[in-house]
Amino acid sequence: MKQVWLLFLFAFLTFMETPILAWASEEQPPDGIKLQSVFKIPEGADSSVIEAENQDIAEITANKKNQAGAIWNLDSYKMDLTKDFKMSMYLYFGNKGTLAADGAAFVMQADKDQNNAFRAGESRRLGVWDLSRYNEFGLAIGHSFAVEFDTHYDRNFDSMLAKGRNHIAWGYPDQRETYKDEWSLLGSQRSLLHGEPIFPNGDYLSDGKWHLFTVKWDAKMAQLTYNFDKLREIHVPIDVAQTFGTNQVYWGFTGATGSQFSESKVVFEELPGRLEGKTAEHIFDWWSKKSVKKEDVYAGQMLTYELDTTYLTGQEEWKNVVLKKRLDKNVDYVAGSLRMVNENGEESGLNESYFEGKLLQVPLGDFEQGGANKKIRFEVRTHQVAEDYTVIEEAASVGENLITHSSPITYTLKSNVAPVIELRSSGGVVGVENLSVEKTRLLGSWIDPDSDWVNIYYQISGRESEKLEQQDNNPKNVNHNFSIDVDAENLKPGVYQVTVYAVDREGVKSNIDKLNLVVQGSLKFAELPDFEFELSEIPVDKTMMIHAAFTQKMAILDTRGEGSSWNLKARLKEPLISKEGHYLDQLYYLDETGAARRLEQEDLIQIRAGKTAEEPLQILNWSEKTGLGIKLSPANYIGEYSGTVEWVLEDTPA
C-alpha cells in the first residue's frame, strides 16, 4: 500500500493579518466544516458535495475529462454587501502538474438564473467567462465578479501572460472591457485581460497540495481583498451597483476540464455572514506573567499557554467545537497543568487524555449565541537548541459550521543556556526577628554551563532590587554557592517574599526562585536603669523604709504592632550584701498606692502591664512613691550594700 506522509500546520484567518499556510495530502485534507443545507448544484453541473468524517468537500469538477461544474449558495446564505464579512477555505487541484486542466473560479454573481446559473462549453472558460471567439458575447455568468485559478496555459486566452505558467487573477466575466479582441489577416484572437495576476510558488497549481484561500469584504470601502497561500494580498475596489445591481449576491465556484483534466475541490472553514468566532492565543513567562511574544526565551524556561475561543455573532449556534493545537517540536507539555478557566478566573483541572504527545484536542461542545467564551491554560518547558530557533505557535477552534485560527505567536528560543539558580529554602519559610542583632543569611547555589560569570540580583517585596558582587563561573557547569545577608531591623512584622535570579555575561536571565521571609516583632528593654539608695542611718528603735533613686529612665522597645500586650515583672536575682558579708533581705517594690511587696529570689512579682503603642519606644515613668525600697531595722549592720534586681518583660497575647 502506498504511504502518504502528512505535514499539517494550522491555518488562520483574521481581518488584518496574513494567514499561515497549511499543507495536506489529497487523502487527508485540512479540517473543514459540514456543508449540508449550504449549497445548490444547478441541473446539468458535474459538481457534488462529498461527506467525510472531519469535513465535507465541495467537488467542483472530478478527475475526468470534459467536466463542467457549478455550485452556488442557497438563498439563506447570500452575501450581504452592506456588511463586512470574511471567508476561509482550502483549494485542491490534483497532482498532475503540466497535464492538469483547466481549473476553477470563485464567483460572486447576480445572474438572471440566480443559483441555477450554469455554463457549459469551452473548458478554458471555466464555466464563468464569455466565449473565447473574436467579438462574440453573451455566455458569461451575468452581473459577476470572478477570481480564477487557472491550471492550464491557453495560448489565446492567456496570451498576455507569461507563457506556460499557471496563475490566479480576477475579472468581470460579463463586461466587454474584460476581453481584448484582435483581428488581422493572419486570423482573429480573443485574449482575457487578467486583473493583477499572481503566480503560484512553483509552476503549477496542481501540485498535490491544499492551498489556503481567504476573502474579506469591506462594506464601507466597497473593497474585496483576497489572499492565496502566502502570495501578496490583492485588493479590488468593486462598484456594487454597476457590477451586481444589488447588495444581495450569490457566491460559489465554477470549473471545467477538457481533454486534459484534474479535479478541483474546496474545503471550507468560514462562510460569509453565517456566524463569526475568534480563537486567540497568548503565551506568558510562567513566573513573571509577562508576554513572550517576539521575545527571547531560554532552555528549561516554563511558559504558560492560554487559549481563548469566543463566539462573536451569527445566525446559529457554533456546533461541536473542538480546540486543537500542536505544540512546537522544541517545547514539551508539563503533565498535570491542563485546566479550564471560568469567567471569574477560577481554574479547574482537565482530563490529561486531551493531550496526546504534542497534540491537544479539547472538546468544548456547542457555543450559544451571545458572546460565549471558553479559556484553556497549560504550561510547557522549552528545549535546549544548538542554534537560535524561532517558535511559531497557533491554535484552531474547529466546529461543524465554523473553523477559526489564532494569529501566530512567535518567540525566539536562544541557544545560549540560561543560568539556573536555587535558594536552599526554595518555596519555604525563613523566620527572623526584626530587632535581632545578627543579620539573617539566606543561602543558595547557581550553575551555568557556558558563561564566564553571572550577576545575582535579589529583592525583598516592597524594596528595590539589589545586586551581589559578580560571581565567577570557574569551573563552569558546576554548582556555585552564594549568600544574601538580610537586615530585618527596618522591616515591620509581616511576610515578605524574597526573589532571586541570575544574569550571565551574555545577558541571559535565569529562572526566578523565591522564599517567604517571616519577620516577627520583638519586645525588649531599650533602656534599663541602675538604682541607688541614699546614705541612711540604721534606726535605733524601729524599722523604716528608704526609697531608691533611679539613675536612668526605663524604656521598652516594642515592634510587635498595635494591640499586643506586655507584663513587666521583677525579682531579686542577687541579694543586697555588704563587703563584710552582711545581708539586707528586705528589698521591696513600692506601687503607686504606697503598698510594698517584697522581692523574692524564687518568684516574679507583677510590676506593671501595658499594650503596644503606635510608637514602638515606650518610656516608663515612675511617681515619687513608686519604685524600689529597703526596709531597715535596728538589727542591720552598717556597711555598703549592693545587689541585683532582674526585670522581666513578658509577651502576652492581645
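One pass over the structure, following the stated rule, counts 22 aromatic pairs. For the ring pair F106 and F213, a centre distance of 5.9 Å and an interplane angle of 65 degrees mean the geometry is edge-to-face. Of this pair, F106 sits in strand β7 (residues 103-109) while F213 sits in strand β13 (residues 210-218), and the two are 107 residues apart along the sequence. A centroid spacing of 5.4 Å and a plane angle of 15 degrees characterise the contact between Y457 and Y501, whose relative ring orientation is stacked. Taken together, the residues span a long stretch of sequence, with Y457 in strand β35 (residues 453-460) and Y501 in strand β39 (residues 494-504) at a distance of 44 residues. A relative accessible area of 21% places Y457 in the partly exposed class.

What follows deals with the pattern of salt bridges. Overall, the coordinates contain 29 salt bridges when judged by the stated rule. The salt bridge partner of K34 is D56, with a shortest N-O separation of 3.7 Å. On the criterion of sequence distance, the pair formed by K34 in the segment before β1 (39-40) and D56 in strand β3 (residues 56-61) is long-range, its members being 22 residues apart. Notably, a salt bridge pairs D113 with K112, separated by 3.5 Å at the nearest N-O pair. Note on K112: relative accessible area 70%, which makes it exposed. By sharing partners, the salt bridges in this structure join E306, D308, R339, E347, K375, R377 and E379 into a single network.

Once that is clear, we can look at the sheet that holds strand β30 (residues 403-405). Here we have five strands laid out as an open sheet, ordered β25-β26-β21-β29-β30, and antiparallel in their pairing. The outermost strands of the open sheet, each flanked by one partner alone, are β25 (355-356) and β30. Inspection of the sheet shows β25 paired to strand β26 (residues 359-367) by two bridges, in the antiparallel sense. Residue pairing for β26: E356 is matched across the bridge by L359.

It is worth spelling out the confidence of the model for the protein at this point. Looking at the protein, pLDDT values average 89 and 94% of them are 70 or higher. pLDDT under 50 marks residues 1-25. Its contacts with residues more than four places away, or in other chains, come to 75 contacts.

With the exception of glycine, the majority of residues adopt a negative phi angle, and the majority of peptide bonds are in the trans configuration. Omega for the peptide link from A101 to D102 comes to -5 degrees, which places this bond in the cis form. Of note, the bond from N474 into P475 is cis; its omega dihedral lies within 30 degrees of zero at 0 degrees. Inspection of the secondary structure assignment puts P475 in the loop between β37 (471-472) and β38 (480-486). Despite not being glycine, N66 has its phi angle at roughly 55 degrees, a positive value. By relative accessible area, which is 54% here, N66 ends up exposed. Backbone geometry at K294 places phi at a positive 60 degrees, although glycine is not the residue there. A residue is classified by how much of its surface remains accessible, and K294, at 68% relative accessible area, is exposed.

Moving on, we get to the environment of A335. Locating A335 in the fold gives a position in the loop between β22 (331-333) and β23 (339-341). Classification of A335 as exposed rests on a relative accessible area of 66%. Sequence separation of A335 and R155 is 180 residues, and the distance between their C-alpha atoms is 60 Å.

Pairing between the strands of a sheet is mediated by backbone hydrogen bonds and can be parallel or antiparallel. If you trace the seven strands from one edge of the open sheet to the other, you get β2-β3-β17-β6-β13-β14-β15, paired in antiparallel fashion. Because the sheet does not close on itself, it has two edges, and the strands there are β2 (48-51) and β15 (234-237). The average undirected angle you get between the axes of adjacent strands in this sheet is 25 degrees. Pairing between strand β14 (residues 223-228) and β15: four bridges, direction antiparallel. Across the sheet, Y226 pairs through a bridge with I234, a residue of β15.

A separate point is the side chain of S565. Mapped onto the elements, S565 comes out in strand β45 (residues 565-578). Judged by relative accessible area, which is 11%, S565 ranks as buried. In this structure the side chain of S565 is engaged in a polar contact, spanning 3.3 Å, whose partner is the side chain of K611.

This paragraph deals with the pairing of strand β10 (residues 179-182). Relative to strand β11 (residues 189-192), β10 runs antiparallel, the two sharing four bridges. Paired with K180 across the two strands is S191, which belongs to β11. What sits between the antiparallel neighbours β10 and β11 is a turn of six residues, in which G187 has the positive phi angle 135 degrees.

Another point: the nonpolar core. Grouped together as the largest cluster of nonpolar side chains are 49 residues, with contacts concentrated most on F106, F149 and F268. Top contributing element to this core by residue count: strand β6 (residues 85-92), with four residues. Ignoring any residue separated from it by four or fewer positions in sequence, one finds F106 in contact with M79, M87, F145, A146, V147, F149, F213, V215, W251, G252 and F253. Membership of the second largest hydrophobic core comes to 31 residues, among which are V297, L303, W318 and V380.

So, how was this worked out
- Residues numbered from 1 in each chain as written.
- Predicted model: local features only at pLDDT ≥ 70, side-chain atom pairs only at ≥ 80, totals over all residues.
- Heavy atoms only, no water.
- Phe/Tyr/Trp six-rings, centres within 6.5 Å; stacked < 30°, edge-to-face > 60°.
- Helix = DSSP H or I, 4+ residues; strand = E, 2+ residues; numbered from the N terminus.
- Buried < 20%, exposed > 50% of the residue type's maximum accessible area, 1.4 Å probe, protein only.
- Salt bridge = Lys/Arg side-chain N within 4 Å of Asp/Glu carboxyl O.
- Pairing = 2+ DSSP bridges.
- pLDDT = per-residue confidence, 0-100.
- Contact = heavy atoms within 4.5 Å.
- Axes fitted to C-alpha atoms, helices over the stretch in contact; angles between N-to-C directions.
- Polar contact = N/O pair within 3.5 Å; in protein donor to acceptor, adjacent residues only side chain to side chain.
- Core = buried A, V, L, I, M, F, W, Y, C linked by side-chain atoms within 4.5 Å.

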